[in-house]
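The residues making up each chain are set out below.
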Amino acid sequence: MNRVCIEPAAKAARYHRLLDEHQGKPLLVLDCDKLEQQYHGLQNALPGVELYYAIKALPHAAVIRTLSTLGACFDIATSGEIELLREQGANPRLTMHTHPIKRDRDIRDALRFGCTTFVVDNIYEIEKFVEFRHRVGLLLRVSFPNPRSPVDLSRKFGCRVEEVPLLVQKAQELGLHIKGLSFHAGSQSPDSSNHVYAIEQCAALIEQVQQQAGKLLSILDIGGGFPVGYDKPAPDIDTFCAPIRAALASLPEHVQVVAEPGRYLVAPAMTAVSTVMGKAKRSDATWYYLDDGVYGSYSGQIYDHATYPLTVFSDIEQTESAVIAGPTCDSIDVVAEGIELPPLNIGDVVIGRQMGAYTAASATDFNLFERATIVVINEKGAGEGNIVFLDAGTPA
Ligand SMILES: Cc1ncc(COP(=O)(O)O)c(C=O)c1O
């Protein structure tokens, strides 16, 4: 269920001004200051762990520029993402290709760019690298299912723990260098217990491979999964990572640890600003139709199983049963139901929080409603003054 925050009407003025500057179009406001804060927050919670931003969460040039300036590395999964990095002048040495299933041209594009670390999870994929064996290092992705995560990334990808020694041996026979292991413990993980379990299992595998094959696996990629606050407030990132830090401390010293955060870095950095374009009294509730919905910026409510916290502005204390819907003609296009809102007017703004990850990235223009315009604020060196903007009713 979407959390709803009701703020004084006066606080809507800044959003109306911004909408006026953009011809009243639906907006996604990307705050680079917030992005920077998130990056530092995770860095502090995972000292010594190199952060590879998972571009898929929000493939936007300002995100790449901001994170590059902070010294971040990048997790790429497609040639399109490589192109984005190339345009922004990112260093190819600070990238790794993490899609476990690749076409020949994906491999060639990545190599041409200068990326030399690739993730694989089965023998067919390992074999694709034979002709490039002198130029690449591979990470073997291991599956650690997490039924408690809304996005379990260990069903479609990852080999079983028992397969690891044999795959390492087969790669070795083919002249390929397996540099280490990777996993994804499930996106928006409710707690870090699956990360800890996966790290412990990987530590045992690293030991086993060293004993059996005399091979040092020197990288452990602990993936993403660091949560943000949707239907409930986000856990404190330092508290979330404390058990991960403890588990990592027991890894052999030669193992370098990296992570691939997507959601945690960008979700809190983007805010949807939409306008009520129509309303109707129906038997069950008052329906408000926004100019953005689940075919647009709220697409993550379908694909990513997220329910974004909403803010409306009103000085009326009384609330009534309400539904917030998107603009398209399809009936699935409903953002929030079973909520209580004060009466809203056509032209009022509705704010969606925590909307940076897997939102714009999967938005469509179904019905030919144009996608929201992304407005970048507080980007260092972009020449614009800093805007103190996102201070109204931000749930954690
Ligand atoms: C391979 C890989 N790495 C990292 C991520 C980012 O995960 P999260 O957004 O949970 O941090 C994903 C998400 O799909 C992924 O597939």
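Residues numbered from 1 in each chain as written. Predicted model: local features only at pLDDT ≥ 70, side-chain atom pairs only at ≥ 80, totals over all residues. Heavy atoms only, no water.

Q: Hey, could you go over the overall build of the chain for me, with residue numbers and the actual values?
A: A tally of helices and strands in the chain yields 11 helices and 17 strands. The dimensions of the chain, computed from C-alpha atoms along their principal axes, are 70 × 40 × 35 Å. Taking all 396 residues of the chain together, the buried fraction comes to 56%. Considering only contacts within the chain whose residues lie at least 6 apart along the sequence, 72% involve residues at least 24 apart. Just so you have it, the chain exposes about 16700 Å², and 51% of that area is on carbon and sulfur atoms. A gap of 5 Å separates the mean positions of the 35 positive and 48 negative side-chain charges of the chain. (Helix = DSSP H or I, 4+ residues; strand = E, 2+ residues; numbered from the N terminus. Buried < 20%, exposed > 50% of the residue type's maximum accessible area, 1.4 Å probe, protein only. Contact = heavy atoms within 4.5 Å. Areas by Shrake-Rupley, 256 points an atom, 1.4 Å probe, with all protein chains shown as cover. Lys, Arg positive; Asp, Glu negative; His and termini not counted. Charge placed at Lys NZ, Arg CZ, Asp CG, Glu CD.)

Q: Provide a residue-level description of the packing of helix H4 (residues 79-87) against helix H5 (residues 104-113), including the pertinent values.
A: Two numbers describe how H4 lies on H5: the axes approach to 10 Å, and their chain directions differ by 15°. Taken together, the axes of H4 and H5 are roughly parallel relative to one another. By crossing handedness, the relation of H4 to H5 is classed as left-handed. Residues Ser 79, Ile 82, Leu 85 and Arg 86 of H4 touch H5, and the partners they reach there are Arg 105, Asp 106, Asp 109, Ala 110 and Phe 113. Tallied by class, residues from the contact of H4 with H5 come to four nonpolar, one polar and four charged. (Axes fitted to C-alpha atoms, helices over the stretch in contact; angles between N-to-C directions. Parallel < 35°, antiparallel > 145°, perpendicular 65-115°, else oblique. Left-handed = near helix turned anticlockwise from the far one by under 90°. Nonpolar A, V, L, I, M, F, W, Y, C, P; charged D, E, K, R; others polar.)

Q: How would you summarise the site of the ligand if you had to cite specific residues and measurements?
A: For the ligand, the set of nearby residues contains 15 residues, the closest of which are His 184, Ser 187, Glu 260, Gly 262 and Tyr 358. Within the contact set of the ligand, an oxygen atom lies 2.9 Å away from a backbone nitrogen or oxygen of Arg 263. When the ligand is considered free in solution it has 390 Å² of accessible area, and contact with the protein chains removes 92% of it. Grouping the amino acids of the shell around the ligand by side-chain chemistry returns four nonpolar, six polar and five charged. (Near = heavy atom within 4 Å. Polar contact = N/O pair within 3.5 Å; in protein donor to acceptor, adjacent residues only side chain to side chain.)

Q: Describe in detail the packing of aromatic side chains, supporting the description with residues and values.
A: Tallied over the full model, the rule gives 10 aromatic pairs. Ring centres of Tyr 53 and Phe 74 lie 6.5 Å apart, and the angle between their planes is 80°; this geometry places the pair in the edge-to-face category. Note that Tyr 53 is positioned in strand S3 (residues 50-54) and Phe 74 in strand S4 (residues 73-76), a separation of 21 residues in sequence. There is no split in this pair, since Tyr 53 and Phe 74 are both buried. On the numbers, 4.3 Å between centres and 35° between planes, the contact of Tyr 295 with Phe 366 is tilted. A residue pair is termed long-range when its members are at least 10 positions apart, and Tyr 295 in the loop between strand S12 (286-290) and helix H11 (300-303) and Phe 366 in the loop between strand S16 (349-352) and strand S17 (373-377) qualify at 71 residues. Overall, Tyr 295 belongs to the partly exposed group, its relative accessible area being 22%. By relative accessible area, which is 34% here, Phe 366 ends up partly exposed. Members of the aromatic cluster, connected to one another through ring pairs, are Phe 144, Phe 183 and Tyr 197. (Phe/Tyr/Trp six-rings, centres within 6.5 Å; stacked < 30°, edge-to-face > 60°.)

Q: So what about the pairing of strand S11 (residues 270-281)? Which residues, and what values?
A: Within S11, nine of the 12 residues are buried, which leaves it mostly tucked inside the rest of the structure. Taken together, the four bridges between strand S2 (residues 27-31) and S11 define a ladder with antiparallel strand orientation. For Leu 30, the partnering residue across the bridge sits in S11 and is Met 270. Two elements, S11 and S16, share four bridges in a ladder whose sense is antiparallel. Among the inter-strand pairings, Val 273 is bridged to a residue of S16, identified as Ile 351. Bridge analysis of S11 against S12 gives five bridges, and the strand direction is antiparallel. Residue pairing in the sheet places Val 276 in a bridge with Leu 290 of S12. Between S11 and S12, which pair antiparallel in sequence order, lie four residues. (Pairing = 2+ DSSP bridges.)

Q: Break down the domain arrangement of the chain for me, citing the residues and quoting the values.
A: Examined at the domain level, the chain breaks down into domain 1 (4-29 + 270-377) and domain 2 (59-261). Taking only C-alpha atoms into account, the centre of domain 1 sits 35 Å from that of domain 2. Counting from both sides, the interface comprises 11 residues of domain 1 and, opposite them, nine residues of domain 2. Summing the contributions of domain 1 and of domain 2, the shared interface buries around 790 Å²; its carbon and sulfur component is 63%. (Domains from an automatic or database assignment. Buried area = accessible area lost by both parts, 1.4 Å probe.)

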